[in-house]
Amino acid sequence: MQRLSRAVAYYRVSVAPTSQPASAAVPGAKKHDVSLYQFFAPGGVLSRTHPAYEFRRGQLQMAQSVEQALEEKRHLIVEAGTGTGKTLAYLVPVIRSGKRVIISTGTKNLQEQLFHKDIPFLEQALFPDGEGRLNACYMKGRNNYLCRKKLYDLTGQPVLRGLEEVEHYRAIAAWEKTTQTGDRAELAELPEASALWHKIDARSDACIGQKCSSWDKCFITEMHRRAMESDIIIVNHHLFFADLSIKQQAENAPDAGILPEVGAVIFDEAHELEDVAGSYFGVSVSNGRVEELCRDVEASLQRNHMLSASISGSLKSLRERSMFFFALLPQGEGRFSFENRRDFLEENGEEFMALQQSFTRLGSELENLPSKPEEVFNFARRAQELQVQFGFLMESEDPNTVFWIERRRGGRDKCNVYLQATPIDVAPILKTCLFDKLECAVLTSATLAVGGGFEYMRRRLGLEHTRESVLPSHFDYENQALLYVPPDLPDPRTPQFAAKAADRIRRLLEITRGRAFVLFTSYAQMNDVYQRLLGELDFPMLLQGDAPKSALLEEFRLTPNAVLFATSSFWQGVDVQGEQLSCVIIDRLPFAVPSDPVVAARVKSIDAEGGNAFFQYQVPAAVITLKQGFGRLIRSLHDRGLLALLDNRILNKAYGKVFVESLPNYRKTTELGVVEEFFGVV
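In what follows, the accompanying structure is described. (Residues numbered from 1 in each chain as written. Predicted model: local features only at pLDDT ≥ 70, side-chain atom pairs only at ≥ 80, totals over all residues. Heavy atoms only, no water.)

In this section: helix H13 (residues 309-328). Taking 1.5 Å of rise per residue, 20 residues should cover 28 Å, and H13 covers 29 Å from first to last C-alpha, within 8% of that figure. Listed in full, the buried residues belonging to H13 are Ile 311, Ser 314, Leu 315, Ser 317, Leu 318, Ser 322, Phe 325 and Phe 326. Across the axial projection of H13, the buried residues extend over an arc of 160°, all falling on one side. Opposite the buried face of H13, at more than 90 degrees from it, the exposed residues are Ala 309, Lys 316, Met 323 and Ala 327. The inward-facing, buried residues of H13 abut strand E6 (283-286), helix H12 (287-303), helix H14 (341-367), helix H15 (374-395), strand E8 (401-409) and strand E9 (415-423). (Helix = DSSP H or I, 4+ residues; strand = E, 2+ residues; numbered from the N terminus. Expected span 1.5 Å × (residues − 1). Buried < 20%, exposed > 50% of the residue type's maximum accessible area, 1.4 Å probe, protein only. Arc of directions from axis to C-beta. Contact = heavy atoms within 4.5 Å.)

Next comes the structure, spelled out in structure tokens:
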């Protein structure tokens, strides 16, 4: 296995450990004397240092708004379209403020862009003579990092399966001796689904903290130290809310979590916050999590020669009780509601109590072990935590929680069953534990406004007393993009739609000569249309699921006239510039599946309180998703192309007006002839 030729560095300045922001220790880094206007305006710093400089009025306006919010200690919500230059617009005022700030992004890709591209560029622009440095680090979730103790414990243990795992182990063991970060991203050829990595990563489940023999050399300890020494800490939303959730559970104990206290948080790609926050403030247990606990206990006690017959018996009992309990849960595919928990317990209460008693028995057996290693206390804590979570999931009557089940197919015909609880409304939680405690939060994205305003986002996230701004786009949408909606196609909810839609997609792709994303709201519709067009198109056809997302994107970029058929994961965070992507076709308005348990619970809750869930929740959520999907097309001033929405409800339903008013000022048509003219087809 080869390693990346360039080791990934995560920290830009080496300074003595301190609990204060590092800027205080670095001359010139506290507050640079270049004003925002002097930096962004024509003839300013940016124009002299950036090779592709163009004055962007929206970029300067956004920077001024962020600076004002930081100074006033007030929250800001700002929609800035693609091409605004958002990252520099918030980084420069952050640097000028002298505050320690967390920047939370939607993706690891954006984290890496900020750290490896934007921060070094700004450092060069602001300190051309090297008289100052920017102190920044970036952090990922714990499962991205190697746990040295687990790796050392594996040495000489016969738990590796097959030659592949042995080869991976040797490569990781060699890498561990040289890596500065312990981040698996440095191991370019370690497969994403590596079974070995899961056994040796630094997830918190098995962490024993300062009592660990490898504490001083721990990559998580080092990451935490870097964060304490940095002015700018770059994380992603998952890590931010995982950390916030841990701090809430620990009731803000000083050593809880790994993110330090900061003066402000910038949320980039802020349209994702409700879903990410909901997943971390909820509860989830699974048959896999129970099995993992049993496996960890077994491996540790075998290694320490402490596996007694009574503990083996309690593990066997827990495994059997868990398997039996999960098999009893209501049947269904995918995600579905678990509303009849009370009836289920009346019928299967004995089996549930037996499972709970199995956790108690294992915990007692572990507690009674004499002179036990520290990790055994951790196993007892995990058993108790699972017991408490099962209790909440089966017995809680919390009215702001929806309870549901999800079945996912795993490898080797395994079925993973998840029992879940999700807050119906995260707004009150976010208000009290985040926004009320933060001096300043800046929420930004290309897609936050609905109908030109932020009422939807404010209500869903619990934001009050915010400054707001919708910035003008840097792109000339009227000349760069054409929006086509066919007036003659049937309603997408009818059986006739797929065949007619496939015919129209074929005609559009002939006009655009492929070079398209065809995006669907469901896998079933995607596969149906793909099969109908297979052999009918003269262009290379790529299908989501046939290869990993990154490989499909690379193939699309390198294959002339390619057409990619995809669903939700390609609606956002995907960037293909130039003629290679000249068309984005969307099958229907992207309303969330109404039967999804979380969506259904939110709809029911809003309606029960006298609101109108369709207009207050379902339409705005679909508007933001549609804006994300269409946002794949125009990524630079030189991009040009067609946006096609095959759902004419946008033309003939009253709510269609909300979608139209929320989209950029595209040129619009309902005629194929205008599409042909746009592409010069005679």
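A word on the sheet that holds E6. Pairing is antiparallel across the open sheet formed by 4 strands, whose spatial order is E6-E9-E8-E7. The open sheet has two edge strands, E6 and strand E7 (334-337), and neither has a second partner. Between one strand axis and the next, the sheet turns through 20° on average, direction left out of account. Here 4 bridges tie E7 to E8, and the two strands are oriented antiparallel to one another. By the bridge assignment for E8, Ser 337 is matched with Trp 404. (Pairing = 2+ DSSP bridges. Axes fitted to C-alpha atoms, helices over the stretch in contact; angles between N-to-C directions.)

Glancing now at the pattern of salt bridges. Two side chains with opposite charge may pair up if their charged atoms get near one another. Tallied over the entire structure, the rule returns 49 salt bridges. The shortest N-O distance in the salt bridge between Asp 296 and Arg 382 comes to 3.0 Å. Of this pair, Asp 296 sits in helix H12 while Arg 382 sits in helix H15, and the two are 86 residues apart along the sequence. Accessibility expressed as a relative area gives 26% for Asp 296, which makes it partly exposed. You can call Arg 382 buried: its relative accessible area is 4%. The shortest N-O distance in the salt bridge between Arg 408 and Glu 406 comes to 3.3 Å. (Salt bridge = Lys/Arg side-chain N within 4 Å of Asp/Glu carboxyl O.)

Structurally, the position occupied by Asp 268 is in strand E5 (residues 264-268). Although Asp 268 is buried, it forms no salt bridge, and the closest oppositely charged side chain is Lys 86 at an N-O distance of 4.8 Å. (Lys, Arg positive; Asp, Glu negative; His and termini not counted.)

This paragraph deals with the nonpolar core. Generally speaking, nonpolar side chains in soluble globular proteins are found buried as a group. Counting residues in each nonpolar core, the largest one holds 83 residues, and the members touching the most others are Met 139, Phe 240, Phe 241, Phe 267, Leu 443, Phe 517 and Phe 630. Here this core gets 8 residues from one element, more than from any other, and that element is helix H23 (residues 613-630). Apart from the residues within four sequence positions on either side, Phe 517 is in contact with Leu 553, Phe 556, Leu 564, Val 574, Val 576, Leu 581, Cys 583, Val 584, Ile 585 and Arg 632. With 43 residues, the next largest nonpolar core counts Ala 69, Ala 80, Ala 89 and Tyr 90 among its residues. (Core = buried A, V, L, I, M, F, W, Y, C linked by side-chain atoms within 4.5 Å.)

In sheet architecture, strand pairing relies on hydrogen bonds along the backbone and comes in two forms, parallel and antiparallel. Pairing within the open sheet is parallel, and its 7 strands lie in the order E14-E15-E13-E16-E17-E12-E18. The open sheet has two free edges, formed respectively by strand E14 (541-543) and strand E18 (667-669), since each of these has just one partner strand. On average, adjacent strands in this sheet sit at an angle of 15° to one another, irrespective of strand direction. One ladder, built from 4 bridges, connects strand E13 (residues 516-519) with strand E15 (residues 563-566); its direction is parallel. Bridging from a neighbouring strand, Leu 519 pairs with Ala 566 of E15. Of the strands in this sheet, strand E12 (481-484), E13, strand E16 (583-586) and strand E17 (641-645) touch H23, which is tilted by about 150° from E16.

Even without a glycine there, the phi angle at Ser 371 is positive, about 35°. Along the chain, Ser 371 falls in the loop between H14 and H15. According to the relative accessible area criterion, Ser 371 is exposed, its value standing at 74%. Backbone geometry places Arg 513, a non-glycine residue, at a positive phi of 55°. Looking at the element boundaries, Arg 513 is found in the loop between helix H19 (497-512) and E13.

This model, assessed by the stated rule, comprises 27 aromatic pairs. Residues Phe 326 and Phe 390 carry aromatic rings whose centres are separated by 5.9 Å and whose planes lie at 65° to one another, so their mutual orientation is edge-to-face. You can see Phe 326 sitting in helix H13 and its partner Phe 390 sitting in helix H15, a full 64 residues away along the chain. An identical accessibility class is assigned to Phe 326 and Phe 390; each is buried. Ring pairing ties together the aromatic residues Phe 325, Phe 326, Phe 338, Phe 344, Phe 352, Phe 359 and Phe 390, which thus form one cluster. Positioned above the aromatic ring of Phe 403, the side-chain terminus of Arg 341 is 3.6 Å from the ring centre. (Phe/Tyr/Trp six-rings, centres within 6.5 Å; stacked < 30°, edge-to-face > 60°. Lys NZ or Arg CZ within 6 Å of the ring centre and 35° of its normal.)

In this section: the pairing of E17. Extensive coverage of E17 is indicated by the burial of 5 of its 5 residues. Bridge count between E12 and E17: 4 bridges; the pairing is parallel. Looking at E17, one finds that Leu 483 is bridged to Leu 643. Pairing between E16 and E17: 4 bridges, direction parallel. Note that in E17 the partner of Ile 585 across the bridge is Ala 644.

Right, let's talk about the layout of surface pockets for a bit. Space inside the second largest pocket adds up to approximately 490 Å³. For the second largest pocket, the lining is made up of 22 residues, of which Glu 339, Thr 401, Val 402, Phe 403 and Lys 604 are closest to its centre. Only H14, H15, E8 and helix H22 (597-608) provide two or more residues apiece to the lining of the second largest pocket. It is H22 that provides the largest number of residues to the lining of the second largest pocket, a total of 5 residues. (1 Å grid on protein atoms, 1.4 Å probe; cavity = no way out; pocket = protein on both sides within 12 Å on 5 of 7 lines; lining within 4 Å. Points joined across faces, edges and corners; volume = space filled by probe spheres on them.)

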